Amino acid sequence: MTDEALDPRWVDEVLLAGPDEQVALVLAAPVTRAELRRLVSAKQAVLSSAGLGPGGSVALCLAPSLAFVANLLACWRLGARAALLDHRLTPFEVDNALQRLAPQVVVTAGHASGGPLRGFQEIEERVATYPGRPADTPHALIQLSSGSTGPSKVIARTAANLVEELERYTAIGAGVPRAGERIVSLASMVHVLGLVGGLLYGLHIGAQVVIPARMTADGILATVAAGPEPTTLLGVPFHIELLSSVQAPPPLPQLTGMTTGGELVRPEVYAGFVDRYGVRLGNMYGMTEVGVIATDLFGEHRPFLTPAPGLRVREEGGELLVSLAASPYLGLVDPARWSGGWLRTKDAGFVDPATGRFRVQGRRDSQVSVGGLKVDLTEVEHTLAALPGVAAAVVTYDKAIEAYVTLQEGASAAGVQAQLAERLAGFKRPRVLKVVEQLPRTATGKLVRDRTLLVAAAADSVPAVPTVPAQRAATDVTDGHQGAAVPAASVQEGSTTR
């Protein structure tokens with residue numbers, strides 16, 4: 001990541017170049033490159049009149065929309081820094097974020113049409129000044145981390161760093177959409193996968209970026225069927241499970257495959273999607289701080305991933321580190337997180353010295369000690385989530401292992417407990433199972449593992465049920481190492497952009 005800002009002309013050269021008549025975006029209607037350039041110029045004039053200029057700062061709090069795209073590109077064209085705030089944040093959260101980021105201009109939705117299942121909205125934006133300050137760094141983009149495991153971090157990237165990531169996508173080769181193809185993006189534009197892997201890469205390479213009108217299984221499949229061009233789906237495991245629920249998908253000869261980012265993908269979910277649609281399901285691993293880090297777009301090396309061109313990944317003490325020229329953080333952050341050109345991912349993993357490929361084995365902070373025995377909470381969580389009758393599961397640790405689950409119709413906590421006892425040694429099993437109506441998720445669809453939020457979600461749900469009798473707990477901890485461990489395949493999929 002360079003410390004020098006790129007000339008604002010990079011927006012026209014890298015993102016907006018191309019034939020006037022070429023379709024760049026498809027939301028409510030196709031948008032050609034000429035139309036997009038005109039719209040960006042118009043938004044640029046409005047932002048300028050609000051006082052935004054080179055070196056300025058703006059916060060965008062807009063749902064996925066043409067207004068979001070145009071305002072973002074207009075900001076960059078002015079040489080200003082854009083901070084992206086998820087439109088689903090509460091007013092309290094937005095206020096807190098604005099106080100942290102202190103932008104000079106804030107763009108919000110004065111009026112928006114669309115509901116929670118809409119893939120995009122029709123927005124009339126409101127541009128207002130804010131008592132903030134100019135950008136004090138050369139960064140072009142500010143994002144907040146997802147906050148799935150705690151308070152969000154302020155992550156900053158330069159325009160040069162974004163361009164480097166676009167070049168990585170281009171260099172990956174097979175499995176990455178090309179000019180003239182379509183990217184049906186299900187990932188939020190506010191977050192790195194949908195922003196860079198979908199929107200910016202599509203604009204850069206000359207592929208159509210298409211957003212479904214409705215984020216339902218039928219709406220997504222109808223969007224794929226709407227055009228003849230080779231089409232790649234871009235989403236997260238939630239979308240894979242959604243599409244896998246369709247019993248008889250229509251013929252989709254244009255669908256070439258899907259690339260997923262987000263959480264770990266369970267093997268049974270992977271197999272279910274591939275069997276149902278007959279196309280590749282590619283895996284992408286990355287971070288908001290870096291963007292795409294590694295891929296396995298054809299499932300050729302599962303559970304290993306290949307580092308993206310230009311990046312290095314190494315292992316230190318069981319943790320994966322990725323090469324990064326400068327710290328991606330603003331504000332107070334653990335200084336050990338980035339040092340000497342290496343970013344600690346906080347993911348546990350193993351690097352194959354022979355091939356350079358690596359395997360992600362879950363969050364490093366998911367490993368806990370129970371009675372002196374190591375337990376990987378990711379393994380427990382995946383085993384629980386794979387049980388018949390379990391719709392979703394999160395496993396946490398607070399003096400003991402606890403599980404929060406949503407159940408499918410007809411399933412019971414007692415039945416889940418019985419199945420879990422067959423699959424996990426006693427010392428690995430949750431001491432308490434809490435059935436909730438709905439598990440909290442981040443804006444990107446990832447399950448939240450913040451115990452405070454999980455406890456709140458469980459407060460009005462089914463009472464907690466002990467899963468291991470107290471009188472057996474000591475015996476299970478002492479003798480549990482003799483039990484059969486869950487096969488490694490239950491946690492073998494690499495995680496992806498978070």
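Throughout what follows, the structure given in this document is the object of discussion. All figures in this text were calculated on a predicted structure; none of them were measured in a lab. (Residues numbered from 1 in each chain as written. Predicted model: local features only at pLDDT ≥ 70, side-chain atom pairs only at ≥ 80, totals over all residues. Heavy atoms only, no water.)

1. Comments concerning the overall build of the protein
- The secondary structure content of the protein amounts to 13 helices and 27 strands.
- Here the protein holds 498 residues, and 56% of them are scored as buried.
- Pairs at least 24 residues apart make up 68% of the contacts formed inside the protein by residues separated by at least 6 positions.
- Only carbon and sulfur atoms are counted for the fraction: they give 54% of the accessible area of the protein, which is about 20,200 Å². (Helix = DSSP H or I, 4+ residues; strand = E, 2+ residues; numbered from the N terminus. Buried < 20%, exposed > 50% of the residue type's maximum accessible area, 1.4 Å probe, protein only. Contact = heavy atoms within 4.5 Å. Areas by Shrake-Rupley, 256 points an atom, 1.4 Å probe, with all protein chains shown as cover.)

2. Thoughts on the packing of helix α2 (residues 33-49) against helix α3 (residues 66-77)
- For the pair α2 and α3, interaxial distance at closest approach is 8 Å and the crossing angle is 65°. One way to sum up the angle between α2 and α3 is to call them roughly perpendicular. The two elements α2 and α3 meet at a crossing, and its hand is right-handed. Counting all contacts with α2, which are made through L36, R37, L39, V40, S41, K43, Q44 and L47, the residues of α3 involved are L66, V69, A70, N71, L73, A74, C75 and R77.
- Class assignment of the residues belonging to the contact of α2 with α3 gives a composition of 10 nonpolar, 3 polar and 3 charged. (Axes fitted to C-alpha atoms, helices over the stretch in contact; angles between N-to-C directions. Parallel < 35°, antiparallel > 145°, perpendicular 65-115°, else oblique. Left-handed = near helix turned anticlockwise from the far one by under 90°. Nonpolar A, V, L, I, M, F, W, Y, C, P; charged D, E, K, R; others polar.)

3. Observations concerning the side chain of Q254
- Counting through the fold element by element, Q254 comes out in the loop between α8 (237-244) and β12 (255-260).
- Given a relative accessible area of 12%, Q254 falls into the buried group.
- Excluding its chain neighbours within four sequence positions, the residues that come into contact with Q254 are R182, V224, A225, G227, P228, E229, P230 and T231.

4. Overview of helix α5 (residues 159-172)
- Between its first and last C-alpha atoms α5 spans 20 Å; for 14 residues at 1.5 Å apiece the expected length is 20 Å, and the two agree.
- Those residues of α5 lying buried are A159, A160, N161, L162, V163, E165, L166, R168 and Y169.
- Looking one or two places after α5, you find G173, whose phi comes out positive at around 90°. (Expected span 1.5 Å × (residues − 1).)

5. Thoughts on the sheet that holds strand β8 (residues 154-157)
- Ordered by their spatial adjacency, 7 strands build an open sheet running β6-β5-β3-β4-β7-β8-β18, and the pairing between neighbours is mixed. Two strands bound the open sheet, and with one partner strand each, they are β6 (122-129) and β18 (329-330).
- Where strand β3 (residues 57-61) lies against strand β5 (residues 105-113), 4 bridges are found, and the strand directions are parallel. Its bridge partner lying in β5, V58 is registered against V105.
- Sitting on the sheet, α3 touches β3, β4 (81-84), β5, β6 and β7 (141-144), and the angle it makes with β4 is about 150°. (Pairing = 2+ DSSP bridges.)

6. Observations concerning the side chain of T231
- Mapped onto the fold, T231 is located in strand β11 (residues 231-235).
- Within polar-contact distance, the side chain of T231 engages the side chain of R182 at 3.0 Å.
- Setting aside residues up to four positions removed in sequence, T231 forms contacts with R182, V184, V224, Q254, L255, T256 and G257. (Polar contact = N/O pair within 3.5 Å; in protein donor to acceptor, adjacent residues only side chain to side chain.)

7. Some words on the nonpolar core
- Counting 86 residues, the largest nonpolar core has L25, L36, L73 and W76 as its most contacted members.
- Setting aside residues up to four positions removed in sequence, L36 forms contacts with L16, A24, L25, V31, L66, V69, L73 and L203.
- Counting 22 residues, the second-largest nonpolar core is a separate cluster that includes V368, L377, L384 and A403. (Core = buried A, V, L, I, M, F, W, Y, C linked by side-chain atoms within 4.5 Å.)

8. Here we look at the pattern of salt bridges
- Per the stated rule, a full pass over the model turns up 16 salt bridges.
- The salt bridge involving D398 is made with R451; its shortest N-O contact spans 3.4 Å. Placement of the pair is D398 in the loop between β24 (390-397) and β25 (401-407) and R451 in helix α12 (residues 451-459), with a sequence separation of 53 residues.
- The exposure class assigned to D398 is partly exposed, which follows from its relative accessible area of 35%.
- Note on R451: relative accessible area 28%, which makes it partly exposed.
- Salt bridges linked by common partners bring R314, E316, E319 and R344 together as one network. (Salt bridge = Lys/Arg side-chain N within 4 Å of Asp/Glu carboxyl O.)

9. Quick notes on the environment of G175
- Mapped onto the elements of the fold, G175 is located in the loop between α5 and β9 (182-185).
- Each C-alpha atom of the pair G175 and D296 lies 9.0 Å from the other, and the pair is 121 residues apart in sequence.

10. Points about the packing of aromatic side chains
- Across all of its chains, the model carries 5 aromatic pairs by this definition.
- Relative to Y201, the ring of Y169 lies with its centre 5.4 Å away and its plane at 35°, an arrangement referred to as tilted. Of this pair, Y169 sits in helix α5 while Y201 sits in helix α6 (residues 192-205), placing them 32 residues apart in sequence.
- Overall, the relative accessible area of 3% leaves Y169 in the buried class.
- A relative accessible area of 0% means that Y201 is categorised as buried.
- Residue placement shows R118 over the ring face of F120; its charged tip is 4.9 Å from the ring centre.
- The aromatic ring of F298 is capped on one face by R280, whose charged end is 5.4 Å from the ring centroid. (Phe/Tyr/Trp six-rings, centres within 6.5 Å; stacked < 30°, edge-to-face > 60°. Lys NZ or Arg CZ within 6 Å of the ring centre and 35° of its normal.)

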